[in-house]
Amino acid sequence: MLSCYLIANLIKCFAYNPLRSKKSMNFNDSIFVCSKPLQFFNAASIARGYGIENAKMIVVDRAISDAESFSDFVLSNYLGDLFDEVIFVSSYDEAVKEVNAAKCRNLFVEDDRVSLYYLFQKADHENLLVYEEGIGTYLGHYKYMLSWPKYFRWYLSSKLFGCGLDFGESRSTKFVFVRYPKILIWFKPKLAGKVKPIAGHISEINLLKDQLFEFCSDNFQSLFDEGKAEEDVALILGTWGGLKYEDYESICGKSYSEILYKPHPHDGAGIKKIADIRELAWLPAEALVLFLAEAYRKVVVYHYGSSVEFYKRDLPKNVEFYCLSSPGLRYQRIMKAAY
């Protein structure tokens, strides 16, 4: 027999109509703040999908590896198009100063939990909105890693000051923008009235595939000089610190025509002795997958609990995923809900 909680989730999921929620919405005069390439593309999809005028973007680039190249791409493709202004800063404090100077109506941020919530509450804005930043949006892990004393302090902060215990749950958050509304509502039914749909980062990447391809290495681009329709290729997505060399050796023992490596977007770390192609860390893994899927018979993506597999429904059918690490309970729950 289904529990009351499960029944409530089912009702809210099937009752949710993303098209109805999108009508008659106006988010003009908005500022977006992000600190990851994936967040940037999600923000761009919101600005494009909702036809936002007078949109500005602030990128906190301190944690983005190859940030200068990322800046070159953004300024050459988005400044004056979707965004009236794109500013790169090195800290969130600088981002708040920029928001205060602009006096925006709508402030889109990546998180409304504890530290960032307190920080952006100081900023001059009317409406606080949050948007997707990866699988942590759907089921976060921070609160589950805290000791009981720390969790209790966080809980008290949420009650006294309004910060979110989880993504989208702050007292001040007006709307939550995500790619898969029904999955978010499944995990967080109380957010059903706040959730708004977005086309998402892969949709945005598809629109700018040619421009992204220009930022790929010459070695990567050379892979497409000849037909690969009968060959398989492996793409390894590095985690923090690179990847285990034994994993790399194991993959090398398989029959792939090419083995490619993309480091984590925050540290850009590789592994010793790796001889195959390494791409810029900020380049979306999804873009590399899209390029390869058009040329090769099969693309096998090896990863360490990456968000990319979560978005596989937006990727071609000839893409397979293999997780190199033991997926934790949280990751298993998210993937089970998605597929």
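Since the structure is predicted, the reported quantities are computational estimates derived from the model, not experimental observations.

## Structural notes on the environment of E286
Turning to step 1, where the next piece is worked out: Summarising the element assignment, E286 is placed in helix α14 (residues 285-295).
Turning to step 2, where the next piece is worked out: Looking at E286, the relative accessible area reads 4%, which means it is buried.
Turning to step 3, where the next piece is worked out: Along the chain, E286 and H201 lie 85 residues apart, while their C-alpha atoms are 8.9 Å from each other.
Turning to step 4, where the next piece is worked out: Non-local contacts of E286, meaning those with residues more than four positions away in its chain, are made with L38, H201, I202, I205, V308, Y311 and L315.

## Description of the packing of aromatic side chains
Turning to step 1, where the next piece is worked out: One pass over the structure, following the stated rule, counts 37 aromatic pairs.
Turning to step 2, where the next piece is worked out: With centroids separated by 6.2 Å and ring planes inclined at 40°, the aromatic side chains of Y78 and F83 adopt a geometry described as tilted. Across the pair, exposure class does not vary: Y78 and F83 are buried alike.
Turning to step 3, where the next piece is worked out: Each ring, one from F213 and one from F291, has its centre 5.1 Å from the other, and the planes form 75°; the classification is edge-to-face. Here F213 is found in helix α11 (residues 209-213), whereas its partner F291 is found in helix α14, with 78 residues between them in sequence.
Turning to step 4, where the next piece is worked out: Cation over ring: R313 sits above Y180, and NZ or CZ is 4.7 Å from the ring centre.

## Quick word on the side chain of E133
Turning to step 1, where the next piece is worked out: Checked against the element boundaries, E133 lands in the loop between β5 (127-131) and α7 (142-145).
Turning to step 2, where the next piece is worked out: With a relative accessible area of 13%, E133 lands in the buried category.
Turning to step 3, where the next piece is worked out: A polar contact of 2.9 Å, which involves the side chain of E133, links it to the side chain of K36.

## A word on the sheet that holds strand β10 (residues 296-303)
Turning to step 1, where the next piece is worked out: Taken in spatial order, the four strands make up an open sheet running β9-β8-β10-β11, and their pairing is parallel. Two strands lie at the open edges of the sheet, namely β9 (258-262) and β11 (319-323), each paired on one side alone. Taken pair by pair, the neighbouring strands of this sheet meet at an average axis angle of 20°, ignoring direction.
Turning to step 2, where the next piece is worked out: Summarising the sheet, strand β8 (residues 228-237) and β10 pair through six bridges and their orientation is parallel. In the sheet register, A234 faces β10, and the bridge partner there is V300.

## Some details on helix α4 (residues 67-77)
Turning to step 1, where the next piece is worked out: Within the sequence span of α4, burial applies to A67, S69, F70, S71, F73, V74 and N77.
Turning to step 2, where the next piece is worked out: Where α4 is buried, its residues meet α3 (37-49), β2 (55-60), β3 (85-89) and α11.

## Brief notes about the pairing of β3
Turning to step 1, where the next piece is worked out: The sheet contact formed by β2 and β3 spans five bridges and is parallel. The residue of β3 that forms the bridge with K56 is E85.
Turning to step 2, where the next piece is worked out: Viewed along the sheet, the connection from β2 through α4 into β3 turns out right-handed.

## Quick look at the sheet that holds strand β1 (residues 30-34)
Turning to step 1, where the next piece is worked out: Read from one edge of the open sheet, seven strands run β3-β2-β1-β4-β5-β6-β7, paired in parallel fashion. Among the strands making up the open sheet, the edge pair consists of β3 and β7 (195-197). Averaged over all pairs of adjacent strands, the angle between their axes in this sheet comes to 25°, without regard to strand direction.
Turning to step 2, where the next piece is worked out: With three bridges connecting them, strand β6 (residues 173-178) and β7 associate as parallel partners. Bridge pairing in β7 places V176 opposite V195.
Turning to step 3, where the next piece is worked out: Helix-sheet contacts for helix α5 (residues 92-102) involve β1, β2, β3 and β4 (106-109), and the interaxial angle to β2 is about 165°.

Conventions adopted
Residues numbered from 1 in each chain as written. Predicted model: local features only at pLDDT ≥ 70, side-chain atom pairs only at ≥ 80, totals over all residues. Heavy atoms only, no water. Helix = DSSP H or I, 4+ residues; strand = E, 2+ residues; numbered from the N terminus. Buried < 20%, exposed > 50% of the residue type's maximum accessible area, 1.4 Å probe, protein only. Contact = heavy atoms within 4.5 Å. Phe/Tyr/Trp six-rings, centres within 6.5 Å; stacked < 30°, edge-to-face > 60°. Lys NZ or Arg CZ within 6 Å of the ring centre and 35° of its normal. Polar contact = N/O pair within 3.5 Å; in protein donor to acceptor, adjacent residues only side chain to side chain. Pairing = 2+ DSSP bridges. Axes fitted to C-alpha atoms, helices over the stretch in contact; angles between N-to-C directions. Right-handed = clockwise from strand over helix to strand, strands pointing away.

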